[in-house]
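An overview of the molecular structure
Spelled out from the first residue to the last, the chains are:
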Amino acid sequence: MIFIIRLISLQLVIIGLMLTILIPCYNEESIIENTAHVLLEWTLKQKFQTEIIFINNNSNDKTAEILTKLETKKGISFTTECIQGKGAAIKKGVQESNFEKILILDADLSANITESNKIDFFEDEVLVLGSRVLGSEENTPIFRIIVGTFFNFVIRQVFKFDYLDTQCGFKYISSERVKHIFENITSQGFLYDIDLILQSKNLNLKIKELPVDYKFHRDSSVSVIYNLYGVIKDISKLRKKYTT
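Residues numbered from 1 in each chain as written. Predicted model: local features only at pLDDT ≥ 70, side-chain atom pairs only at ≥ 80, totals over all residues. Heavy atoms only, no water.

In this section: the overall build of the chain. What the chain contains, in helices and strands, is 8 helices and 7 strands. A separation threshold of at least 6 residues defines the contact pool for the chain, and within that pool the share at least 24 residues apart is 81%. Here the chain displays about 13,200 Å² of accessible surface, and carbon together with sulfur accounts for 56% of that area. (Helix = DSSP H or I, 4+ residues; strand = E, 2+ residues; numbered from the N terminus. Contact = heavy atoms within 4.5 Å. Areas by Shrake-Rupley, 256 points an atom, 1.4 Å probe, with all protein chains shown as cover.)

So, about the nonpolar core. Ile21, Leu39, Phe54, Leu105 and Phe170 are the most contacted members of the largest nonpolar core, which totals 35 residues. Sorting elements by how many residues they give to this core places helix α2 (residues 32-44) first, with 6 residues. (Core = buried A, V, L, I, M, F, W, Y, C linked by side-chain atoms within 4.5 Å. Buried < 20%, exposed > 50% of the residue type's maximum accessible area, 1.4 Å probe, protein only.)

Across the sheet, which stays open at both edges, the 7 strands sit in the order β3-β2-β1-β4-β6-β5-β7 with mixed pairing between neighbours. Edge positions in the open sheet fall to β3 (76-80) and β7 (206-215), since each of these has one partner strand only. Ignoring which end each strand starts from, the neighbouring axes of this sheet average 20° apart. Sheet analysis places strand β2 (residues 49-56) next to β3, joined by 5 bridges and oriented parallel. Looking at β3, one finds that asparagine 56 is bridged to threonine 80. (Pairing = 2+ DSSP bridges. Axes fitted to C-alpha atoms, helices over the stretch in contact; angles between N-to-C directions.)

Right, let's talk about the layout of surface pockets for a bit. Leftover empty space is mapped by rolling, across the atoms, a probe with the size of a water molecule. In this structure, the second largest pocket occupies an estimated 220 Å³ of space. Looking at the second largest pocket, it is lined by 14 residues, and the ones nearest its centre are Gly16, Glu100, Lys101, Asp124 and Ser174. Residues of the lining of the second largest pocket, tallied by class, amount to 6 nonpolar, 3 polar and 5 charged. (1 Å grid on protein atoms, 1.4 Å probe; cavity = no way out; pocket = protein on both sides within 12 Å on 5 of 7 lines; lining within 4 Å. Points joined across faces, edges and corners; volume = space filled by probe spheres on them. Nonpolar A, V, L, I, M, F, W, Y, C, P; charged D, E, K, R; others polar.)

Moving on: a nonpolar patch on the surface. A surface patch of nonpolar side chains, amounting to about 400 Å² of accessible area, comprises Ile142, Phe143, Ile145 and Ile146. Residue position: isoleucine 146 is located in helix α5 (residues 142-159). (Patch = residues over 30% accessible without salt bridge, like charges linked within 9 Å, V, L, I, M, F, W, Y side chains within 5 Å. Salt bridge = Lys/Arg side-chain N within 4 Å of Asp/Glu carboxyl O.)

We now examine the packing of α5 against helix α8 (residues 228-243). Packing of α5 against α8 leaves a shortest axis separation of 11 Å and a crossing angle of 20°. Put simply, α5 runs roughly parallel to α8. The handedness of the crossing between α5 and α8 is right-handed. In contact with Phe151, Val154, Ile155, Val158 and Phe159 of α5, α8 contributes Val231, Ile235, Leu238 and Arg239. Here the residues of the contact of α5 with α8 sort into 8 nonpolar, no polar and 1 charged. (Parallel < 35°, antiparallel > 145°, perpendicular 65-115°, else oblique. Left-handed = near helix turned anticlockwise from the far one by under 90°.)

Right, let's talk about the environment of serine 30 for a bit. Counting through the fold element by element, serine 30 comes out in the loop between β1 (18-25) and α2. Accessibility expressed as a relative area gives 67% for serine 30, which makes it exposed. Counting along the chain gives 33 residues from serine 30 to threonine 63, while the straight-line C-alpha distance between them is 8.4 Å.

This part is about the packing of α2 against helix α3 (residues 63-70). Between α2 and α3, the shortest axis-to-axis distance is 10 Å and the interhelical angle comes to 30°. What the angle tells us is that α2 and α3 run roughly parallel. In the crossing of α2 with α3, the sense of the turn from one axis to the other is right-handed. The residues of α3 that touch α2, namely those facing Ile32, Glu33 and Ala36, are Ile66, Leu67 and Leu70. Looking at the contact of α2 with α3 residue by residue, the class counts come to 5 nonpolar, no polar and 1 charged.

Here threonine 20 shows up in strand β1. Here the side chain of threonine 20 touches glutamate 51 through a polar contact of 2.6 Å, side chain to side chain. (Polar contact = N/O pair within 3.5 Å; in protein donor to acceptor, adjacent residues only side chain to side chain.)

Now the structure itself:
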């Protein structure tokens, strides 16, 4: 009898668990349909409620048209963010979300959604950073690895933390204050990850690194060299924001 009661109680907890999956998109017409299929397949295997939100970030290909068709599938919706930048897109997705547990993934699923099976979804007030350094990384061009390693070194020195991989697209946050956290994120582009980490630290969320298997699929539409000045400028803004 005790065992039956405990089993019923566990099932009720699982049913009460709700997860939002956010996918920012920029010119993803070649992959977005397959990504939606993979996500839906994963959600159907879960014993908790999910919602999938795609955020179209000023795409100039057929991404919006494809997302409109995908929206007819149960569990999928999409919204549009006109301010260019990954940070702005994710912030819009959080505003549209219905749940306090949010999983953020890149549109190409370079870190697949199955990596989230390693997460304890019952833990609250936590930010989980997917880490390629602690996990594995395949097919990433050597130039990107060098630039990423240097960037991480600079970030660790400037902001005095020791996370090994701040820029992996795989992130998970669980907090009743999640909307408040993202409302206060001001970095619209490349440094949104740092802004999110610093906001979470200020609010005493536990911050953990999770080893993930990462497979580089294609070159990003963002040029690191072209945006170098903007990155330096944003680092300066963030430093001022969190030291005053």
